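# Commentary on secondary and tertiary structure
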Amino acid sequence: MKTIAFDLDGTLMDSVPHIHAAVAEALSELGLPTITVEETPGFVGRGLPVLLERVLAHVGASPDRHKALYDRTMHHYVTTPSDPASLYPGVPEALETLRSAGHRLTLCTNKPFAATETAIRDTGLAPFFDLVIGGDSLPTRKPDPAMLIAALDGAAQTLYVGDSETDCETAQAAGVPFVLFTEGYRNAPPETLPHVALFSDWTLAPDIFATLW
Ligand SMILES: O=C(O)COP(=O)(O)O
Ligand SMILES: [Mg+2]
């Protein structure tokens, strides 16, 4: 049995439309300029507090608006349903195959825990995971390794599957083999991120992972 930890946004789910909707609604309520869907991936990856710091700087608003923006964004984040169609094709089938093979699956995401719970409930992913660590579950977030260490829970044989520089740095810091999903919200070319494997198609993931042990 292996323990495989997964990132969520940009790895299992194309969550940018959902994140954008929550942030844009909150910006509008606060009377601030908005952001586009196209700009949104550039803000994602280091958790919601950092995302909103980046958004405030981008729209030219004062950092003093951060708490109000955080509270309103969280409200929309947890009350706006996530669409199961936002899962990358083949994700539920791949997780099912990995579970059936006896592996333990966990989630290690910088998305706030409450928003993670609603997203995995709405998209039907919740039953696959033995453990969920969100971006506010611990005092630190990725790329600090503490979240990933907690998500792997002392397992001897592990993998971390993620889409971004943040995930790669986290895996390196934790000493965990990193598998890169290439279709998420990465800025740098794949070859610049150390990885034991990479893939772009979830239907191939279980077979690719099986070559790693
Ligand atoms: O919320 C974020 O900033 C990114 O979330 P992730 O860690 O699931 O990619
Ligand atoms: Mg991600």
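Residues numbered from 1 in each chain as written. Chains lettered and ligands numbered in written order. Predicted model: local features only at pLDDT ≥ 70, side-chain atom pairs only at ≥ 80, totals over all residues. Heavy atoms only, no water.

### Some details on the domain arrangement of the protein
The assigned domain composition of the protein is domain 1 (3-14 + 86-210) and domain 2 (16-79). Taken over C-alpha atoms, the centre of domain 1 sits 24 Å from the centre of domain 2. In total, about 1,200 Å² of surface goes out of reach between domain 1 and domain 2, with carbon and sulfur atoms giving 56% of it. Of all residues in domain 1, Pro112, Arg141 and Tyr185 give up the largest surface area on contact with domain 2, accounting jointly for 36% of the area buried on that side. One can count one salt bridge joining domain 1 with domain 2. Taking the shortest distance from any N to any O, the salt bridge between Glu169 and Arg46 comes out at 2.9 Å. In this assembly, domain 1 and domain 2 are joined by eight residue pairs in polar contact (both at pLDDT 80 or more). (Domains from an automatic or database assignment. Buried area = accessible area lost by both parts, 1.4 Å probe. Salt bridge = Lys/Arg side-chain N within 4 Å of Asp/Glu carboxyl O. Polar contact = N/O pair within 3.5 Å; in protein donor to acceptor, adjacent residues only side chain to side chain.)

### Some thoughts on the pairing of strand S5 (residues 178-181)
Both faces of the sheet carry side chains from a regular strand, because those side chains alternate between them. Neither face of S5 is exposed, since Phe178 and Leu180 on one face and Val179 and Phe181 on the opposite face are all buried. The pairing of strand S4 (residues 158-162) with S5 spans three bridges and is classified as parallel. When the sheet's bridge partners are listed, Tyr160 is paired in S5 with Phe178. Once you follow S4 into helix H7 (residues 165-174) and on to S5, the crossover reads as right-handed. With three bridges joining them, S5 and strand S6 (residues 197-199) adopt parallel strand pairing. Its bridge partner being in S6, Phe181 is matched across the sheet by Phe199. (Buried < 20%, exposed > 50% of the residue type's maximum accessible area, 1.4 Å probe, protein only. Helix = DSSP H or I, 4+ residues; strand = E, 2+ residues; numbered from the N terminus. Pairing = 2+ DSSP bridges. Right-handed = clockwise from strand over helix to strand, strands pointing away.)

### Observations regarding the site of ligand 1
Around ligand 1 lies a shell formed by Asp7, Leu8, Asp9, Val44, Gly45, Arg46, Gly47, Thr109, Asn110, Lys111 and Lys142. Leu8 has a polar backbone atom sitting 3.2 Å from an oxygen atom of ligand 1. For ligand 1, an oxygen atom lies 2.5 Å from a polar atom in the side chain of Thr109. Alone, ligand 1 offers 280 Å² of accessible surface; in the complex the protein occludes 97% of this. A breakdown of the residues in the shell around ligand 1 according to their chemical character gives two nonpolar, four polar and five charged. Three or more residues apiece are contributed to the shell around ligand 1 by two domains, here domain 1 (3-14 + 86-210) and domain 2 (16-79). (Near = heavy atom within 4 Å. Areas by Shrake-Rupley, 256 points an atom, 1.4 Å probe, with all protein chains shown as cover. Nonpolar A, V, L, I, M, F, W, Y, C, P; charged D, E, K, R; others polar.)

### Topic: the UniProt feature "binding site: Mg(2+)" (unreviewed entry) in the protein
Under the local residue numbering, the UniProt record ascribes the feature "binding site: Mg(2+)" (unreviewed entry) to Asp7, Asp9 and Asp163. Taking the farthest pair of C-alpha atoms as the criterion, the annotated set spanning 157 residues converges on one region, since that pair is 8.2 Å apart. Residue position: Asp7 is located in the loop between strand S1 (3-6) and helix H1 (16-29). Take Asp7: its relative accessible area is 4%, and that puts it in the buried class. Ignoring anything within four residues of it in the chain, the contact list for Asp7 reads Leu12, Leu107, Cys108, Thr109, Lys142, Tyr160, Val161, Gly162, Asp163 and Asp167. As for its position among the elements, Asp163 is in the loop between S4 and H7. Setting aside residues up to four positions removed in sequence, Asp163 forms contacts with Asp7, Asp9, Gly10, Thr11, Leu180, Phe181, Gly184, Tyr185 and Arg186. (UniProt positions renumbered as here; feature names shortened; annotations may be inferred. Contact = heavy atoms within 4.5 Å.)

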